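Breakdown of the fold
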Amino acid sequence: MRIEEITIRHLKMPMKAPFTTSFGTVAEKELLLLEVKDASGTIGWGETVAFVAPWYTEETLKTTWHMLEDFLMPALLHKDIAHPDEVSALFATIRRNGMAKASIEGAVWDIYAQQTKQSLAHALGGSKDLIDVGISVGIQSSTDKLLELIKVYVEKGYKRVKVKIKPGYDVEVIRAIRAVFPNLPLMADANSAYTLNDIEVLQQLDAFNLLMIEQPLAADDIIDHAKLQKQLKTPICLDESITSLEDARKAIELGSCGVINIKIGRVGGITEAKKIHDYCQQHAIPVWCGGMLEAGIGRAHNIALTALSNFVLPGDTAGSSHYWYEDIVTPEIVVEDGHIRVPQSIGIGYQPNLEIIDKLTISKKVYKG
Ligand SMILES: O=C(O)CCC(=O)c1ccccc1C(=O)O
Ligand SMILES: [Mg+2]
């Protein structure tokens, strides 16, 4: 294939409810949608997952646009590509900026799946028909509100519940959840809100049979995570700390984690995500697919990736209607009994809905290189 034209749309999507983590609140999701066309006219879609502010990682919506416009699209446009794995080689001289890279690489994978007449999941080597999904619950204004929400999600059938924690909103919150839901598959995500000085608080969480504690310490610190893991019974899951296969290798060698959350954007694309998946499988480290409050295109890519066999823990890919009044794909993504059915049709298995996309678009630019 040869990419000849890319249309970037900047979308603003109202959310049904704001999402709060230890570092900030997202009340409205902004994203770039990439419509990528190759010389034969096949169109693939990609979505950026960076937020408008750099609280999760350093990337933002504007940095992704800058990287795409000034470096990534010029490196890709009009080049002959036999396989999406080659995209990372074209981007090799561009440091980091994984979310920008992943948005365009995901669209190339979509085109590849269509041209080889297979589902994206199949093109990636995935064979599951159904994937298990959990739900991530943001920080709430009261414990009662949190318990009420969890009850709804449990009744909907989500396979596990993840709650966000931060200093002062941790042990007592988890204790209250466990009092009502003693057997619920439960985990906590701190988004780097703690340091090794908080080790006693984190050790108290060992009493609650959590599946894992996600990213308790700094994003750039696998040394302290290794020290912490030695003193915790609960497995640590790394999210922000893992930006590449090399990061995963080092974290596993050091014993910094027992589980890895793979996010396509954070690791720079589907090819790198697959490499991390394979490496973890060889080293008996279970993985699951994280979420970034994606709209339908990002969600579709997550579903295809989760069809790989070492995604043995429920991911964060909720149904479209959990976040969106209207998603940008048809059909929307549906969760039933905590499962999503992996599309078996050619490509990502969902159609971009141009009417809804146009309605949500605040600006648009076409690039031909
Ligand atoms: O439902 C989702 O998409 C995942 C929600 C979530 O936990 C999250 C949302 C925004 C930023 C970071 C995270 C995270 O996994 O740390
Ligand atoms: Mg996380």
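Just so it is clear, the model here is predicted, and its values are computed rather than measured.

We now examine the UniProt feature "active site" (unreviewed entry) in the chain. UniProt annotation of "active site" (unreviewed entry) refers to Lys164 and Lys263 when read in the numbering used here. Considered against the largest cavity, the annotated residues that line it turn out to be Lys164 and Lys263. Inspection of the secondary structure assignment puts Lys164 in strand β6 (residues 161-164). Filtering out sequence-adjacent residues up to four positions away, Lys164 remains in contact with Phe19, Thr20, Thr21, Ser136, Val137, Gly138, Ile139, Tyr169, Asp189 and Asn191. Secondary-structure assignment places Lys263 in the loop between β10 (259-262) and α10 (270-282). In this structure Lys263 comes out as buried when scored by relative accessible area, which is 6%. Non-local contacts of Lys263, meaning those with residues more than four positions away in its chain, are made with Tyr56, Asp239, Gly290, Gly291 and Met292.

Taken in spatial order, the 4 strands make up an open sheet running β3-β2-β1-β15, and their pairing is antiparallel. Of all strands in the sheet, those bounded by a partner on one side alone are β3 (43-47) and β15 (361-367). When strand polarity is set aside, the average angle formed by the axes of neighbouring strands in this sheet is 20°. Summarising the sheet, strand β2 (residues 24-38) and β3 pair through 5 bridges and their orientation is antiparallel. What sits directly across from Val36, in β3, is Gly44. Along the sheet, helix α3 (residues 98-115) contacts β1 (3-21), β2 and β3; its crossing angle with β3, the most-contacted strand, is approximately 150°.

Looking now at the pattern of salt bridges. Side-chain pairing between opposite charges can occur once the charged atoms of the two side chains come close. Enumeration according to the criterion identifies 21 salt bridges in this entry. For Arg249, the salt bridge is made with Glu253, and the minimal N-O distance between the two is 3.0 Å. Here Glu253 and Arg249 lie together in helix α9 (residues 245-254), a separation of 4 residues that amounts to about one turn. Overall, the relative accessible area of 26% leaves Arg249 in the partly exposed class. Overall, the relative accessible area of 58% leaves Glu253 in the exposed class. Sharing partners across several salt bridges, the network here consists of Arg160, Lys162, Lys164, Asp189, Glu214 and Asp316.

Counting 125 residues, the largest nonpolar core has Ile174, Ile177, Ile260 and Ile328 as the members making the most contacts within it. Broken down by element, the residue count for this core peaks at 10 residues, all from α3. Beyond its immediate stretch of four places on either side in the chain, Ile177 contacts Leu146, Leu147, Ile150, Val163 and Leu186. With 5 residues, the next largest nonpolar core counts Met187, Met212, Cys237 and Trp288 among its residues.

With that settled, the discussion passes to unusual backbone geometry. In this structure, the amide linkage connecting Thr330 to the following residue, Pro331, adopts the cis form with an omega of -10°. Tracing the backbone shows Pro331 in the loop between β12 (329-330) and β13 (339-341). Look at Ser192: it is not a glycine, yet its phi comes out positive at around 70°. As for its placement among the helices and strands, Ser192 is situated in the loop between β7 (186-189) and α7 (199-204).

Parameters at a glance
- Residues numbered from 1 in each chain as written.
- Chains lettered and ligands numbered in written order.
- Predicted model: local features only at pLDDT ≥ 70, side-chain atom pairs only at ≥ 80, totals over all residues.
- Heavy atoms only, no water.
- UniProt positions renumbered as here; feature names shortened; annotations may be inferred.
- 1 Å grid on protein atoms, 1.4 Å probe; cavity = no way out; pocket = protein on both sides within 12 Å on 5 of 7 lines; lining within 4 Å.
- Helix = DSSP H or I, 4+ residues; strand = E, 2+ residues; numbered from the N terminus.
- Contact = heavy atoms within 4.5 Å.
- Buried < 20%, exposed > 50% of the residue type's maximum accessible area, 1.4 Å probe, protein only.
- Pairing = 2+ DSSP bridges.
- Axes fitted to C-alpha atoms, helices over the stretch in contact; angles between N-to-C directions.
- Salt bridge = Lys/Arg side-chain N within 4 Å of Asp/Glu carboxyl O.
- Core = buried A, V, L, I, M, F, W, Y, C linked by side-chain atoms within 4.5 Å.

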